[in-house]
Amino acid sequence: MARPSTTHRTAERIQAVSRHMSATPHRAAAAEPPVDAHMNHVVQLLKDGTARIIHLNRPKALNAMNRQMAYEFGQCLEATIRSPNCATVILRGEGRALCAGGDIMAVVDAANQSSIEERRHSTAFFEEEFKQNFNVANYEKLTGERGRTKYYISFMDGITMGGGVGISATAPFRVVTERTLYAMPEVGIGYYPDAGVTYAYSRLDGNVGRYLALTGGRLNGADVYLLGLATHYVRSSLLDDLAHRLGALSIDAVNSASVVNDVLDEYSSDPFAADAENGAELAKNSVFLGDRRIALDFCFGLESVEQIFSSLEDIAQLRKDSYTLKELARRGLDTISPEVQQFAQTTLNDLNMRAPRSLKVTLRMMDRAEKMTLLEIIHENMRVSTVFCDLSVGRDFYTGVKHTLTKDPATGKRRTNRAPWNPATLAEVDEKQLDLLCFSDVNQAHKAGLQLPVPKLDIPEVQNTREYRKKRDAELRGIGPLRWNPSYNLWALPSEAECAALVEGSHPAAGSYRLEPHELIDIMGRHKKNKPALELKMLDWIRRNSIASK
């Protein structure tokens, strides 16, 4: 029997949901007034049945997160933890964005003051932001310790960048739509991807995380879902109904994360499906599938930023005798297509616009993040952010923000040219000083020139106990050849590390005999409840890794 179309299946689900909702007497027709916040607050706490909606309400600034907003977000989050009638928490944004990032103009203006006391205000925003990033990641644990486990869901509808990614990336459930525009573009303003995001990026397939961190590349919702940065893809027009559906769940019904996942699955669809809007085009244009992905993995898997640049130049200029093209041929790219060549040139152009110091720090942080817990990374973020806010050891953060976010007095328009970075080239970056400032003992950093004190975050300290080390080592060790962590990112599409564990036989769903490609897809599909786009992702992975011929 032929499978019904995506549109037909979605319509059937919505009709079923509508019947259910009409039979549910406590469903709210619209979100109730704020629980404990006035309507003019920049963050509102709304309720709809058992759901609580943390509503970012600064639409003229695209809900950009300032210190006040981060504080109010924390207050709302704490209120949901205390609430006995809350089962789920939904993060939403007013207008065109969930959150377009941090309101960093105030940060760099504070960093540029003359006295140390005034300059210390520049790190205050990050203290509050990073605390909330940790609390989002540990929301289930925090609520469970108070008596009832609750679940946090981010609706990444519209522009979701920087700080918006930070309060979403480590949540168990992350929903994207056709309106999603996702990025961590910090290297473009002389900064680095903060808010614990390198934890998620370092655990992405292949070298995709390095690519995103270094380029600050902008993604559509389909690609965010494909990569596992989102757990579900839902049409934007269905989000209100989805929120109501979650709110209609009784407290007792929400007794596990799988209950929330099942509701989200009811509304999910495959953005790449043939009958989806622009589905075929989205798959065709994705740099994370096919030959472009092979080139991406090779280039961004190289050891240094300089080598990444050189390999992209080899492809863009079709240097046939280069090591890059010979290695790509060995991986199956005997011929460089115009699409791969254009990808290399576009990526090279993007990287050339970034701050050299930021590129060096970011690559180092990505490599370190693979071997760190989220708690360790957030503490390290506070240290590195302090270095970037201390303009006495480098002014790129200030330069980049002013260059990007202010208008050129001569033209009255936003600048599109390269910022006057200092150091201007990769060769001029003093990597030994960066290591001392960012990654050494704090006392060594101050000897190297750091003037600002590193704030102590109001989150747990990293422990040096046997129990902590044992738990840490188990998390980082993983399963299978690509070190798959079964407890991480449970509700997203299967990672390539999970697929490799299935091939090896170390996955719980694996059998005792070698699996053919169609069997791999069938078993993983059943294990993942036939998540939309699973077959597309696995077929592409199988082709790139030549599993069928081995």
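Residues numbered from 1 in each chain as written. Predicted model: local features only at pLDDT ≥ 70, side-chain atom pairs only at ≥ 80, totals over all residues. Heavy atoms only, no water.

Visitor: Would you mind going over the pairing of strand β5 (residues 151–156) with me for this structure?
Guide: Remark: a regular strand shows side chains that alternate across the two faces of the sheet. Within β5, six of the six residues are buried, leaving the element largely enclosed by the surrounding structure. Where strand β3 (residues 88–93) lies against β5, four bridges are found, and the strand directions are parallel. What sits directly across from L91, in β5, is S154. One ladder, built from four bridges, connects β5 with strand β7 (residues 173–176); its direction is parallel. (Buried < 20%, exposed > 50% of the residue type's maximum accessible area, 1.4 Å probe, protein only. Helix = DSSP H or I, 4+ residues; strand = E, 2+ residues; numbered from the N terminus. Pairing = 2+ DSSP bridges.)

Visitor: Explain the side chain of N66 here, please?
Guide: Position of N66 relative to the elements: it lies in the loop between β2 (51–56) and α2 (67–82). A polar contact of 3.3 Å, which involves the side chain of N66, links it to the backbone nitrogen of Q68. (Polar contact = N/O pair within 3.5 Å; in protein donor to acceptor, adjacent residues only side chain to side chain.)

Visitor: I'm lost on the UniProt feature "domain: Enoyl-CoA hydratase/isomerase" (unreviewed entry) in the chain in this one. Help?
Guide: In this numbering, the UniProt entry assigns the feature "domain: Enoyl-CoA hydratase/isomerase" (unreviewed entry) to residues 52–435. As annotated, residues 52–435 has a helix share of 49% and a strand share of 9%, and its two end C-alpha atoms lie 43 Å apart. (UniProt positions renumbered as here; feature names shortened; annotations may be inferred.)

Visitor: Got a minute to help me understand the pattern of salt bridges in this structure?
Guide: Any two side chains of opposite charge can pair if their charged atoms end up close together. Under the counting rule described, the total for this entry stands at 33 salt bridges. For K528, the salt bridge goes to E498, with nearest N and O atoms at 3.9 Å. Of the two residues, K528 is situated in the loop between α25 (517–527) and α26 (534–545) and E498 in helix α24 (residues 496–504); the sequence distance between them amounts to 30 residues. Note on K528: relative accessible area 11%, which makes it buried. Here the salt bridges do not stand alone but share partners, grouping R293, D297, E496, D540 and R544 into one network. (Salt bridge = Lys/Arg side-chain N within 4 Å of Asp/Glu carboxyl O.)

Visitor: Whenever I open this one, the sheet that holds β5 confuses me. Can you help?
Guide: Backbone-to-backbone hydrogen bonds pair the strands of a sheet. The strands run either parallel or antiparallel. Ordered in space as β1-β2-β3-β5-β7-β10, the six strands form an open sheet in which the pairing is mixed. Edge strands, defined here as strands with exactly one partner in the open sheet, are β1 (43–48) and β10 (232–233). Contacts from α2 reach β1, β2, β3 and β5 within the one sheet, and its direction differs from that of β1 by about 25 degrees. Against the sheet, helix α11 (residues 239–247) makes contact with β1, β2, β3, β5 and β7, and its axis sits at roughly 160 degrees relative to β3, the strand it touches most. (Contact = heavy atoms within 4.5 Å. Axes fitted to C-alpha atoms, helices over the stretch in contact; angles between N-to-C directions.)

Visitor: Honestly, the nonpolar core in this entry has me stumped. Any pointers?
Guide: Where a protein is soluble and globular, its nonpolar side chains tend to be buried together. Counting 132 residues, the largest nonpolar core has I54, L56, Y152, Y201, L212, F288 and F397 as its most contacted members. With nine residues, the single largest contributor to this core is helix α19 (residues 374–389). By size, the runner-up hydrophobic cluster in this structure holds 26 residues, among which are L46, A51, A87 and L246. (Core = buried A, V, L, I, M, F, W, Y, C linked by side-chain atoms within 4.5 Å.)

Visitor: Honestly, the packing of helix α9 (residues 208–215) against helix α17 (residues 338–353) in this entry has me stumped. Any pointers?
Guide: Two elements in contact, α9 and α17, have axes separated by 9 Å at closest approach and are oriented at 45 degrees. Taken together, the axes of α9 and α17 lie oblique to each other. Residue-level inspection shows Y211, L214 and T215 of α9 in contact with α17, the latter providing F343, T347 and L351. By residue class, the composition of the contact of α9 with α17 is four nonpolar, two polar and no charged. (Parallel < 35°, antiparallel > 145°, perpendicular 65-115°, else oblique. Nonpolar A, V, L, I, M, F, W, Y, C, P; charged D, E, K, R; others polar.)

Visitor: I'm lost on unusual backbone geometry in this one. Help?
Guide: The phi torsion of most residues other than glycine is negative, and most of the peptide bonds are trans. Looking along the chain, the bond that leaves N422 and enters P423 is cis, with omega of 10 degrees. Checked against the element boundaries, P423 lands in the loop between α20 (396–405) and α21 (431–439). Residues other than glycine seldom take positive phi values, yet A195 does so here, at roughly 60 degrees. Of note, A195 is situated in the loop between β8 (181–183) and α8 (197–201). The buried category is assigned to A195, whose relative accessible area is 2%. With a phi angle near 55 degrees, K529 is a residue other than glycine that sits in the positive phi range. Note on placement: K529 falls in the loop between α25 and α26.

Visitor: Explain the sheet that holds β8 to me, please; I cannot follow it from the model alone.
Guide: Reading across the sheet, the four strands line up as β4-β6-β8-β9 and stay open at both edges, with mixed pairing between neighbours. The open sheet has two free edges, formed respectively by β4 (97–99) and β9 (219–220), since each of these has just one partner strand.

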